[in-house]
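Structural description and commentary
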Amino acid sequence: MTGIAQPSLLYSVKQVELATRARLDELLKPSGVTALQYTALTVLERRDGMSSAELARNSFVRPQSMSDLVGALERRNLITRSPDPASRRRHVIGLTDEGRALLARHAPAVQQLEDEMLTGFTAGERTAFRAYLNRARAALG
């Protein structure tokens with residue numbers, strides 16, 4: 001009798017990504033922000049002053065998609081775009097106070113979602129899991 005084959009690691013990673021994105025979209029729905037927009041805001045929170053292309057790379061979206069996303073966030077006054085003093089052709093994107101406030105409002109619920117995802121993991125396993133994911137991402141980047 002043969003056992004049922006385990007799903008591939010890539011399949012499992014994708015399933016986790018889809019489940020967390022769906023839950024994050026649900027959590028953010030009342031604020032009118034999508035999971036992709038929220039991701040871009042968190043990237044800017046860590047590193048303010050990125051170009052649209054840099055933000056796209058760090059937010060895992062295509063530059064064309066980032067243009068629409070940046071426009072929507074700017075219309076909601078969650079980000080600003082301003083000329084880069086070092087380059088006349090480049091604009092840099094920064095969080096507004098409203099963008100920071102939105103992130104702060106959602107931080108507890110997002111942390112709760114992450115904690116739920118890691119239920120059953122010890123503190124050491126959580127640390128190791130984060131390190132493994134970062135190493136896998138770096139290997140593919």
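Located above this text is the structure these notes cover.
About the thresholds
- Residues numbered from 1 in each chain as written.
- Predicted model: local features only at pLDDT ≥ 70, side-chain atom pairs only at ≥ 80, totals over all residues.
- Heavy atoms only, no water.
- Helix = DSSP H or I, 4+ residues; strand = E, 2+ residues; numbered from the N terminus.
- Buried < 20%, exposed > 50% of the residue type's maximum accessible area, 1.4 Å probe, protein only.
- Contact = heavy atoms within 4.5 Å.
- Areas by Shrake-Rupley, 256 points an atom, 1.4 Å probe, with all protein chains shown as cover.
- Axes fitted to C-alpha atoms, helices over the stretch in contact; angles between N-to-C directions.
- Parallel < 35°, antiparallel > 145°, perpendicular 65-115°, else oblique.
- Left-handed = near helix turned anticlockwise from the far one by under 90°.
- Nonpolar A, V, L, I, M, F, W, Y, C, P; charged D, E, K, R; others polar.
- Polar contact = N/O pair within 3.5 Å; in protein donor to acceptor, adjacent residues only side chain to side chain.

1. Brief notes about the overall build of the protein chain
- Each helix and strand in the protein chain was counted, giving six helices and two strands.
- Walking the protein chain from its N terminus toward its C terminus, one meets helices and strands in the order α-α-α-α-β-β-α-α.
- Sorting the 141 residues of the protein chain into buried and exposed places 28% on the buried side.
- Sequence separation of at least 24 residues holds for 47% of the intrachain contacts in the protein chain that already meet a minimum separation of 6.
- Here the protein chain displays about 10,000 Å² of accessible surface, and carbon together with sulfur accounts for 56% of that area.

2. Some points on the packing of helix 2 (residues 35-46) against helix 3 (residues 52-59)
- Two elements in contact, helix 2 and helix 3, have axes whose closest approach is 9 Å; the angle formed by their N-to-C orientations is 110°. By the angle class used here, helix 2 and helix 3 are roughly perpendicular. Crossing handedness for the pair helix 2 and helix 3: right-handed. Here Thr39, Ala40, Val43 and Leu44 of helix 2 come into contact with helix 3, specifically with Leu55, Asn58 and Ser59.
- Of the residues in the contact of helix 2 with helix 3, the class split is four nonpolar, three polar and no charged.

3. Brief notes about the side chain of Thr96
- Tracing the backbone shows Thr96 in the loop between strand 2 (87-95) and helix 5 (97-117).
- Under the relative-accessibility criterion, Thr96 is labelled buried at 9%.
- For Thr96, the side chain forms a polar contact with the main-chain nitrogen of Gly99, separated by 3.0 Å.
- Residue contacts for Thr96: discarding those within four places in its chain leaves Asn77, Leu78, Ile79 and Thr80.

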